[in-house]
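One letter stands for each residue in the lines below.
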Amino acid sequence: MLKPEDFASLYKDLESAPARFDCGKKCSPFNGGVPFCCDTGWVVPIAYRPEWAFLQKRTRLWHEFRPRSGSELKMVDEIDEKENVFIECRGVQHCERHNRSVSCRTFPYEPYFDTKGNLLGLVYNRVMEDKCYLVDRHRIVTRGFLSSFLRFFGRLIEKLPEEKELYMGQSRNYRRLMSRRKKPVVVLTLDGPWRAAYRGGKLIEPWTRPDPPESRYRPKV
Ligand code: SF4
Ligand code: SF4
């Protein structure tokens, strides 16, 4: 069972940034100087209940997210409030690196599973795929980030096994989405990016095509 005090060490596995550069500098000029993932107008961080208890003891950076529109109210109503809570920080100018939530530390990545339940690497949370500079740039993520993310997730599912089921379902949905779009499923692994099969989800071959050039980054806002 996941306890608030577990987050002291779980956060230690998520200290390193995904890229060697500050990706916020790439996207924030297109959003009035605020990185898209730090703006609750675009995406609202979600915390585990024990994580929220841990953060509340440690900092005043966060408060519970207060919905401002019908769609936000619906979003808040739809989560399982025994397990999770939407939260909002006081803004980028007040960011405390050591008190960032799991969602801040992991965005835009998610664990990827094949249908046999093997954790093979990471894929993208595509909720802001047309805005986040990191999405579909498969060679940016550092090996250090990948290995610490995988270590973190392995430890998390020991304490919260239902997360594995959840992400196995998400990985299935991811394969369906990419298959519908006729786009490859690229999984970021410790051996570099690999293409995965739509059926069964196992890794097929290393991904060798280059990342999109810088000039293609023009987020729609
Ligand atoms: S993770 Fe994506 S949205 Fe967030 S700061 Fe980096 S590029 Fe911007
Ligand atoms: S805590 Fe920092 S990283 Fe997380 S949403 Fe706020 S400003 Fe962004």
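See the structure printed just above.
Predicted, not measured: the structure shown is a model, and the values here were computed from it.

> Can you help me understand the site of ligand 2 in this one?
As a matter of local geometry, ligand 2 sits amid Cys-38, Leu-61, Trp-62, Cys-89, Val-92, Cys-95, Arg-100 and Cys-104. Looking at the shell around ligand 2, its residues break down into seven nonpolar, no polar and one charged.

> What is the right way to look at the sheet that holds strand β3 (residues 84–89) in this model?
Within a sheet, each strand pairs with its neighbour through backbone hydrogen bonds, oriented either parallel or antiparallel. Reading across the sheet, the three strands line up as β1-β3-β2 and stay open at both edges, with antiparallel pairing between neighbours. A strand with exactly one partner marks an edge of an open sheet, and here the two such strands are β1 (46–48) and β2 (62–64). Going across the sheet, the axis of each strand differs from the next one's by a mean of 50 degrees, ignoring polarity. Bridge analysis of β2 against β3 gives three bridges, and the strand direction is antiparallel. In the strand pairing of β3, Glu-64 is matched with Ile-87. Along the sheet, helix α3 (residues 49–58) makes contact with β1, β2 and β3, crossing β1 at roughly 95 degrees.

> Please explain the packing of aromatic side chains as it appears in this structure.
The description of an aromatic ring pair rests on the distance of the ring centres and on the angle between the ring planes. This model, assessed by the stated rule, comprises 14 aromatic pairs. Between Phe-7 and Phe-54 the ring centres are 6.4 Å apart and the planes differ by 35 degrees, which places this aromatic pair in the tilted class. Residue Phe-7 is located in helix α1 (residues 6–12), and its partner Phe-54 is located in helix α3; the two are separated by 47 residues in the primary sequence. For the pair formed by Phe-7 and Phe-54, the shared burial category is buried.

> Sorry, what's going on with the environment of Lys-82 here?
The residue Lys-82 is located in the loop between α4 (70–78) and β3 in this model. When its relative accessible area of 70% is taken as the criterion, Lys-82 is described as exposed. Sequence spacing of Lys-82 and Tyr-48 is 34 residues, and the spatial spacing of their C-alpha atoms is 9.1 Å.

> Can you help me understand the packing of helix α6 (residues 143–159) against helix α7 (residues 162–181) in this one?
The relative placement of two packed helices comes down to the angle between their axes together with the axis-to-axis distance. Direction vectors running N to C along α6 and α7 enclose 120 degrees, while the axes themselves pass 6 Å from each other. In terms of orientation, α6 lies oblique with respect to α7. Touching Phe-153, Leu-156 and Ile-157 of α6 are Glu-163, Lys-164 and Tyr-167, all from α7. Considered class by class, the residues forming the contact of α6 with α7 number four nonpolar, no polar and two charged.

> What is the right way to read unusual backbone geometry from this model?
Glycine aside, negative phi is the norm for most residues, and most peptide bonds take the trans geometry. With an omega of 5 degrees, the peptide bond running from Phe-107 to Pro-108 counts as cis. Looking at the element boundaries, Pro-108 is found in the loop between α5 (102–106) and β4 (109–113). Unusually for a residue other than glycine, Asp-136 sits at a positive phi of about 70 degrees. Tracing the chain through its elements places Asp-136 in the loop between β5 (119–124) and α6. Of note in this structure, Lys-182 is not a glycine but carries a positive phi near 60 degrees. Positionally, Lys-182 belongs in the loop between α7 and β6 (185–189). In this structure Lys-182 comes out as exposed when scored by relative accessible area, which is 73%.

> Which parts of the structure should I look at to understand the environment of Ala-19?
Checked against the element boundaries, Ala-19 lands in the loop between α1 and α2 (24–27). Ala-19 gets classed as buried once you look at its relative accessible area, which sits at 9%. Each C-alpha atom, one on Ala-19 and one on Arg-139, is 9.3 Å from the other, the two residues being 120 residues apart in sequence.

> Even after reading the chapter, I still don't get the site of ligand 1, so can you show me in this structure?
Surveying the vicinity of ligand 1 reveals the residues Cys-23, Gly-24, Cys-27, Pro-35, Phe-36, Cys-37, Phe-107, Cys-132, Tyr-133 and Leu-134. Tallied by class, the residues present in the shell around ligand 1 amount to nine nonpolar, one polar and no charged.

> Is there a simple way to explain the nonpolar core in this structure?
What tends to happen in soluble globular proteins is that the nonpolar side chains get buried as a cluster. By size, the foremost hydrophobic cluster in this structure holds 51 residues, and its most contacted members are Phe-7, Tyr-109, Leu-122 and Phe-153. Here the element with the most residues in this core is α6; it accounts for eight residues.

Definitions and cut-offs
Residues numbered from 1 in each chain as written. Chains lettered and ligands numbered in written order. Predicted model: local features only at pLDDT ≥ 70, side-chain atom pairs only at ≥ 80, totals over all residues. Heavy atoms only, no water. Near = heavy atom within 4 Å. Nonpolar A, V, L, I, M, F, W, Y, C, P; charged D, E, K, R; others polar. Pairing = 2+ DSSP bridges. Helix = DSSP H or I, 4+ residues; strand = E, 2+ residues; numbered from the N terminus. Axes fitted to C-alpha atoms, helices over the stretch in contact; angles between N-to-C directions. Contact = heavy atoms within 4.5 Å. Phe/Tyr/Trp six-rings, centres within 6.5 Å; stacked < 30°, edge-to-face > 60°. Buried < 20%, exposed > 50% of the residue type's maximum accessible area, 1.4 Å probe, protein only. Parallel < 35°, antiparallel > 145°, perpendicular 65-115°, else oblique. Core = buried A, V, L, I, M, F, W, Y, C linked by side-chain atoms within 4.5 Å.

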